[in-house]
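# Structural overview for review
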Amino acid sequence: MCIRDRKGPNTEIAPDDPGLLIASVSGCVTLNRSRLVVVQPRLEIKKDVDYSTGNIDFVGSLVIGGDIKAGFRVKVSGDLEVNGCVEDAEVEAGGNVLIKNGFIGYGKGVIRSKGDVTVKYVNGQQIYCEGNLIVGGEILHCNAKVGGDVLVESNKGSIIGGVIKAKGSIKATQIGNINYTRTEVAVGCCFKLLDRVAEIEKELAQVNANQEKVKKGIYNLTRLRMKCGGKLPEEQEKLLERLKATDQHYPLQAEKLKEEKERLEQQISEHQDSHVTVLRTIFPGVRIAIGRFVRTFNEQMDRKVFQEIKGEIIAAA
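In this report, we go over the structure that sits alongside the text.

All right, on to the environment of His275 then. Among the secondary structure elements, His275 is positioned in the loop between helix H2 (234-269) and strand S21 (276-282). With 218 residues separating them in the primary sequence, His275 and Asp57 have C-alpha atoms 38 Å apart.

Put into structure tokens, the structure is as follows:
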């Protein structure tokens, strides 16, 4: 059979080689029942991702018939659909992620998605998505950073423990629980900006620590110079001059970092209409942040929408 007789869907003859068959789309290369070469942009694995499959890195969309077991990695450029659970595994998708059961484990699992993440329930894991996070049941002790909205609005939809941050809004049936479990939710800010602010704070602390060391060095060398009659050995004189030059550099570096921090905090405060909606109950121990404004709850409240108005987080019925 010649190469033209093997040509199936999503394949074509190479323009510079009539004996070469190439893919016209990204995907999985297979032979169909007619023995034609086919490129499927959507791959299906009918069992668990485990030692029998190994890690998966696929260009296209992927359907997994079972679970993704702990310790394994799945990366796709398109959408990912998992008919079972995701355990302590690493998942990365260029599109949406759909998990028909739970995302469970001991805090070692992570999902990164450029689209939406839809999952039945989450327990103790990490989620980073640029779209919306939609959860059918509980989010327990989860760390999530979401570029869109967080929706946990079924009858059992609860956010308990952990830290949930959304650039958009959060809507949940319940936040916190009767045990007053510390629970943090934040809306109206881009988590990338928050991460950069946290990095700047660490950099400022390091600049201050370094400057203190330099000042101490200048002080010690200056005292030594006085003891030596106003003259240090050549190497120590050069070191003293370098320390003085470095000492003048640190304030400029700190000022640039502070200016960047102020600019980012201003962007964070521009949270538009982001809000937190509680369909049933919010419990004591919950901390809500809207933009850069924060409120910690010491009392139980029912059926409220929380918005920032003139620097305060206000509850409306």
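For strand S22 (residues 286-290) and strand S23 (residues 293-296), the ladder comprises 4 bridges, and the chain directions are antiparallel. By the bridge assignment, Ile288 is partnered in S23 with Arg295.

The term disulfide refers to a covalent linkage connecting the sulfur atoms of a pair of cysteines. One pass over the full model with this rule turns up 0 disulfides. No disulfide involves Cys142; its nearest neighbouring cysteine sulfur is the one of Cys129, lying 9.9 Å away. By relative accessible area, which is 1% here, Cys142 ends up buried.

The next thing to look at is the pattern of salt bridges. Per the counting criterion, the structure on display carries 18 salt bridges. In this structure, Glu153 and Lys171 form a salt bridge, with 3.5 Å as the shortest nitrogen-oxygen distance. In this pair, Glu153 is assigned in the loop between strand S17 (150-152) and strand S18 (158-166) and Lys171 in strand S19 (residues 170-175), connecting sequence segments 18 residues apart. Overall, Glu153 belongs to the partly exposed group, its relative accessible area being 39%. With a relative accessible area of 30%, Lys171 lands in the partly exposed category.

With that out of the way, let us pick up the pairing of strand S11 (residues 97-104). Where strand S9 (residues 80-82) meets S11, 3 bridges bridge the pair, whose relative direction is parallel. Paired with Leu80 across the strands is Val97, a residue of S11. The pairing of S11 with strand S13 (residues 117-123) spans 6 bridges and is classified as parallel. Each residue of the ladder has a partner; that of Leu98, found in S13, is Thr118.

Each aromatic ring pair is specified by the distance between its two centres and by the angle formed by the two planes. In total, this model carries 2 aromatic pairs according to the counting rule given. With a centroid separation of 4.9 Å and 80 degrees between ring planes, the pair formed by Tyr51 and Phe72 is classed as edge-to-face. Of this pair, Tyr51 sits in the loop between strand S5 (42-45) and strand S6 (56-58) while Phe72 sits in the loop between strand S7 (61-64) and strand S8 (73-76), and the two are 21 residues apart along the sequence. Residue class for Phe72 comes out buried when judged on its relative accessible area of 9%. Pairing Phe297 with Phe306 gives two aromatic rings, centres 5.0 Å apart and planes at 70 degrees, and the pair type is edge-to-face. Residue Phe306 is classed as buried on the basis of its relative accessible area, which comes to 0%.

Conventions adopted
- Residues numbered from 1 in each chain as written.
- Predicted model: local features only at pLDDT ≥ 70, side-chain atom pairs only at ≥ 80, totals over all residues.
- Heavy atoms only, no water.
- Helix = DSSP H or I, 4+ residues; strand = E, 2+ residues; numbered from the N terminus.
- Pairing = 2+ DSSP bridges.
- Disulfide = S-S within 2.5 Å.
- Buried < 20%, exposed > 50% of the residue type's maximum accessible area, 1.4 Å probe, protein only.
- Salt bridge = Lys/Arg side-chain N within 4 Å of Asp/Glu carboxyl O.
- Phe/Tyr/Trp six-rings, centres within 6.5 Å; stacked < 30°, edge-to-face > 60°.

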